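# Descriptive structure summary
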Amino acid sequence: MWAYLSSPRFLRSILPAASLAVLLAAIFYIQPRTMSYFGLKLMLQYAVPIALATIAQMHIITVNDLDLSIGPFVGLTACIGATLLVSTPLLGLLALAACIGVYAGLGALVYWRNLPSIVVTLGMSFVWMGLSVLILPTPGGKAPVWIKAIMGYEFPFIPLPIIAATTIALVVHQGLMHSSYGAVLRGAGGNPKAIGRAGWSLLKSKMLMYALGGFFGVLSGLSLIGLTSAADAHIADRYTLYSIAGVILGGGEFVGGRVSPIGAVLGALTLTLTGSFLIFMKISPDWQIGAQGGILIIVLALRALIKRKEAMS
Amino acid sequence: MSTARSRIVDLKDVTKKFGAVRALVGVNAHVDAGECLGLVGHNGAGKSTLMNVLAGTLSSDDGVITIHGQDLAAHYNVRQAHRNGIRCVFQELSLCPNLTVAENVRVLHTALKGVGWKQRARRLIRDKLEEIFPGHGISTDDVVGDLSIGKRQMVEIARAFTVTTEPLHLVILDEPTSSLDGITAKQLLKHVRKAVSKEQSCILISHLLGEVLDYSDRILVMKDGEVVAERPASEFTRDSLVAKMGTVIEEGSAKVEDPAHKVRGTTPLMVRAQDKYQETGVELLAYKGEIVGLAGLAGSGQTRTLIQIYDAAIKGKRTEKTAVEGPVALIAGDRQTDGIFPLWSISQNVCIRSLKRMVKGWMIDPAQEDAMAEKWKNKIKIKTMNMDDNILSLSGGNQQKALFARALGSDAEIVLMDDPMRGVDIGTKLEVYELIRTEADSGRTFLWNTTEMEELNNCDYVYIFSEGKIVSELARDDLTEEKVLRSSFEKGN
């Protein structure tokens with residue numbers, strides 16, 4: 001039993017949950033009042049859009065690419081949600097669907113022309129940004145009532161962000177880790193040549209993964225305006241780096257199709273909580289981003305240590 | 001043919017070109033139900049290309065591919081191959097390292113889907129592993145990346161023999177035993193005979209001639225993209241196979257005359273090396289002004305030895321196994337990844353090794369750089385108008401010339417060459433051979449890893465590698481292709 005618990009493989013899989021638990025324990029210790037329904041809800045509110053953006057990023061990373069435009073993209077969908085979706089719901093839905101379609105097209109482009117995804121998505125980030133500013137030149141707009149109702153719903157005993165995060169993690173886990181086609185999709189990241197040799201279309205898998213990335217990006221944007229009630233073109237600029245950090249914190253790797261949806265959601269929760277933690281530590285906001293980076297480095301250093309142990313055994 | 005056995009595959013005049021290289025020159029071959037076909041040939045004979053064509057992963061340029069009596073050449077692909085019951089275990093592994101064993105089985109079978117697919121996949125591969133490799137010790141939920149290379153190979157082989165809705169008629173095994181130990185290799189070969197007795201067929205490609213002779217019914221020998229011999233296995237012996245694989249002595253491949261007739265050992269010793277993992281046996285020695293050949297099957301330890309010598313020279317210290325006297329330069333075999341700087345000009349690519357000489361004050365002196373580039377452009381005849389053009393504007397052969405210029409223009413006394421002439425046209429080759437000879441006569445030492453007999457004829461002394469060790473040495477006068485081949489297939493002990 002102990003041998004299993006101290007094996008590098010187990011340690012690696014438990015690291016995302018352990019980092020979250022340690023952080024949560026530290027917060028409860030410093031500020032015991034957070035250990036309540038309301039406290040948790042307040043602290044974790046923004047975990048939902050961040051978790052969705054992280055899941056979006058994870059789909060792209062699964063096929064060995066990186067999306068540097070997810071932040072501005074979430075911003076754009078938020079702007080569409082706060083304007084078109086309210087004024088002309090049908091047009092709004094069409095616009096959001098078109099966004100997902102463009103994502104699928106990006107996947108096809110990256111595959112066909114063998115382009116580096118970071119270049120393509122970096123370029124697209126400016127396109128998304130420009131579109132957002134066109135749609136909503138100044139901060140404002142109004143979130144649809146039904147989205148606000150969903151995001152404001154109060155479950156008994158367990159706060160909504162926790163239920164939502166759990167649901168997202170389990171649904172994606174089922175789809176990507178347990179379904180039969182999910183295995184093929186992850187294989188396309190692990191050894192594309194082998195997938196091609198087995199007769200699968202790599203183009204299709206890349207397009208599908210990008211489209212899923214777009215889909216979760218849309219959900220992230222909508223859930224975000226459900227919390228803020230209004231939108232702004234720059235509302236989610238930080239999400240690009242948050243989402244990448246979340247996937248990596250959650251045990252994912254940049255190449256090789258090694259990802260974990262549950263880990264990615266845990267990583268997103270951890271990132272959200274570091275903000276609160278640093279506030280409770282009374283660290284000046286000027287230092288917060290740096291301190292967040294510090295926490296990231298500590299967790300990744302731990303992973304590197306586990307890996308080294310694994311390599312030695 | 002109206003034999004009792006039905007014909008599964010019939011290939012007629014199949015050709016395949018990669019650029020200027022003709023990998024397959026009109027291959028004719030067939031496989032009947034219930035036979036094991038052995039396929040042998042030297043490196044680059046076209047075996048793997050042929051199998052890729054048959055597996056549908058490469059499309060042929062020309063020719064007829066008849067499968068179960070239907071001509072499919074026009075629209076043949078992997079899906080077609082699977083539908084017709086043809087599977088391939090490729091030489092480099094085709095498993096996804098991030099997936100579990102069961103998930104990798106799913107990748108091969110489109111039918112494994114819906115509720116309970118994982119259970120079915122687990123059962124399928126577990127049963128097959130039990131059948132072929134009893135006592136394999138692999139769990140179906142192991143992640144493939146965590147398995148040893150031998151176990152991965154076992155999984156891939158077992159996977160190729162699993163059957164769901166698509167039939168299974170022919171399994172191509174490309175070097176299947178290369179990463180298996182003796183016992184599992186035996187288990188596999190026994191299974192091959194068992195499959196054959198059940199009217200399934202196999203194609204067995206192996207460098208271990210004993211395996212092919214013992215376990216196949218019929219043997220095909222390939223050379224230079226052609227089938228040069230085809231007979232029942234019982235009519236071949238080890239020696240006759242080796243003889244068929246080698247070249248019949250041609251006038252053109254006569255040995256290059258050596259006017260100087262150097263006597264080995266009269267010049268200072270420049271390199272002494274022995275493979276890290278080699279305990280005893282032959283030691284590689286290279287004297288000043290010699291061209292020393294490293295022969296053997298590709299990947300038998302030649303490259304590793306060159307790198308070992310290079311490392312020893314760069315770190316500037318003698319180790320127990322390696323001693324190098326003098327500066328070295330390495331000409332890499334894989335031009336694209338290890339050789340050229342693709343964003344740089346030809347001139348920059350040529351001068352990089354010699355920049356230290358060209359520093360004036362704190363800067364590189366462009367005049368000296370241009371002078372060196374111009375000198376080598378003329379000396380080695382790089383076909384370009386302007387040495388400041390990007391290196392990629394050159395043809396492959398000329399890119400390789402630039403890499404030679406980089407090494408020969410440097411202060412290196414010892415030049416290591418890791419099969420640098422792969423895919424280079426014959427004209428360029430002859431020019432470079434000439435240059436190497438002149439450079440050697442003026443006192444440079446060359447260590448030349450090559451898999452081509454013709455290039456070995458340019459060497460003064462040849463060491464032959466097998467399974468990571470130097471198994472024999474041949475002086476220039478004793479060099480014959482047969483001896484090289486025989487030693488290449490020798491078991492390194």
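Refer to the preceding data block for the structure.
Calculation criteria
Residues numbered from 1 in each chain as written. Chains lettered and ligands numbered in written order. Predicted model: local features only at pLDDT ≥ 70, side-chain atom pairs only at ≥ 80, totals over all residues. Heavy atoms only, no water. Axes fitted to C-alpha atoms, helices over the stretch in contact; angles between N-to-C directions. Helix = DSSP H or I, 4+ residues; strand = E, 2+ residues; numbered from the N terminus. Parallel < 35°, antiparallel > 145°, perpendicular 65-115°, else oblique. Left-handed = near helix turned anticlockwise from the far one by under 90°. Contact = heavy atoms within 4.5 Å. Nonpolar A, V, L, I, M, F, W, Y, C, P; charged D, E, K, R; others polar. 1 Å grid on protein atoms, 1.4 Å probe; cavity = no way out; pocket = protein on both sides within 12 Å on 5 of 7 lines; lining within 4 Å. Points joined across faces, edges and corners; volume = space filled by probe spheres on them. Patch = residues over 30% accessible without salt bridge, like charges linked within 9 Å, V, L, I, M, F, W, Y side chains within 5 Å. Areas by Shrake-Rupley, 256 points an atom, 1.4 Å probe, with all protein chains shown as cover. Salt bridge = Lys/Arg side-chain N within 4 Å of Asp/Glu carboxyl O. Lys, Arg positive; Asp, Glu negative; His and termini not counted. Charge placed at Lys NZ, Arg CZ, Asp CG, Glu CD. Phe/Tyr/Trp six-rings, centres within 6.5 Å; stacked < 30°, edge-to-face > 60°. Lys NZ or Arg CZ within 6 Å of the ring centre and 35° of its normal.

## A closer look at the packing of helix H5 (residues 70-82) of chain A against helix H13 (residues 202-228) of chain A
Residue and element names in this part refer to chain A. For the pair H5 and H13, the least separation of the axes is 8 Å and the interaxial angle reads 55°. By the angle class used here, H5 and H13 are oblique. Remark: the crossing between H5 and H13 carries right-handed chirality. Taken together, the residues of H13 that come into contact with H5 (itself represented by Ile 70, Phe 73, Val 74, Thr 77, Ala 78, Gly 81 and Ala 82) are Gly 213, Gly 214, Gly 217, Val 218, Ser 220, Gly 221, Leu 222, Leu 224 and Ile 225. Here the contact of H5 with H13 is built from residues that sort into 9 nonpolar, 7 polar and no charged.

## Observations concerning empty space enclosed by the protein
One pass over the structure, following the stated rule, counts 3 cavities of 30 Å³ or more. Computed from the structure, the largest cavity encloses a volume of approximately 160 Å³. Lining the largest cavity we find 16 residues, and of these Arg 197 of chain A together with His 82, Cys 88, Phe 90 and Leu 108 of chain B sit closest to its centre. Going through the elements one at a time, helix H12 (192-197) of chain A together with helix H2 (78-83), strand E6 (86-89) and helix H5 (149-160) of chain B are the ones with two or more residues in the lining of the largest cavity. In the lining of the largest cavity, the residues fall into 9 nonpolar, 3 polar and 4 charged. There is about 60 Å³ of room inside the second largest cavity. Lining the second largest cavity, in full, are Val 9, Leu 11, Ala 29, His 30, Val 31, Leu 37, Leu 39, Leu 50, Met 51, Leu 54, Ile 203 and Leu 220 of chain B. Contributions of two or more residues to the lining of the second largest cavity are made by strand E1 (7-18), strand E2 (21-32), strand E3 (36-41) and helix H1 (47-55) of chain B. Residue composition of the lining of the second largest cavity, by class: 11 nonpolar, 1 polar and no charged.

## Focus on a negative patch on the surface
The grouping of Asp 370, Glu 374, Asp 388 and Asp 389 of chain B at the surface amounts to a negative patch. As for its position among the elements, Asp 389 of chain B is in the loop between helix H12 (366-380) and helix H13 (396-408).

## Things to note about the packing of aromatic side chains
Going through the model one piece at a time under the given rule, you end up with 11 aromatic pairs over all chains. Their ring planes at 75° and their centres at 4.9 Å tell us that Tyr 153 of chain A and Phe 155 of chain A sit as a pair that is edge-to-face. Clustering of aromatic rings is evident, with ring pairs tying together Phe 73, Tyr 103 and Trp 128 of chain A. One cation-aromatic arrangement involves Arg 79 of chain B over Trp 200 of chain A; the distance from NZ or CZ to the ring centre is 5.1 Å.

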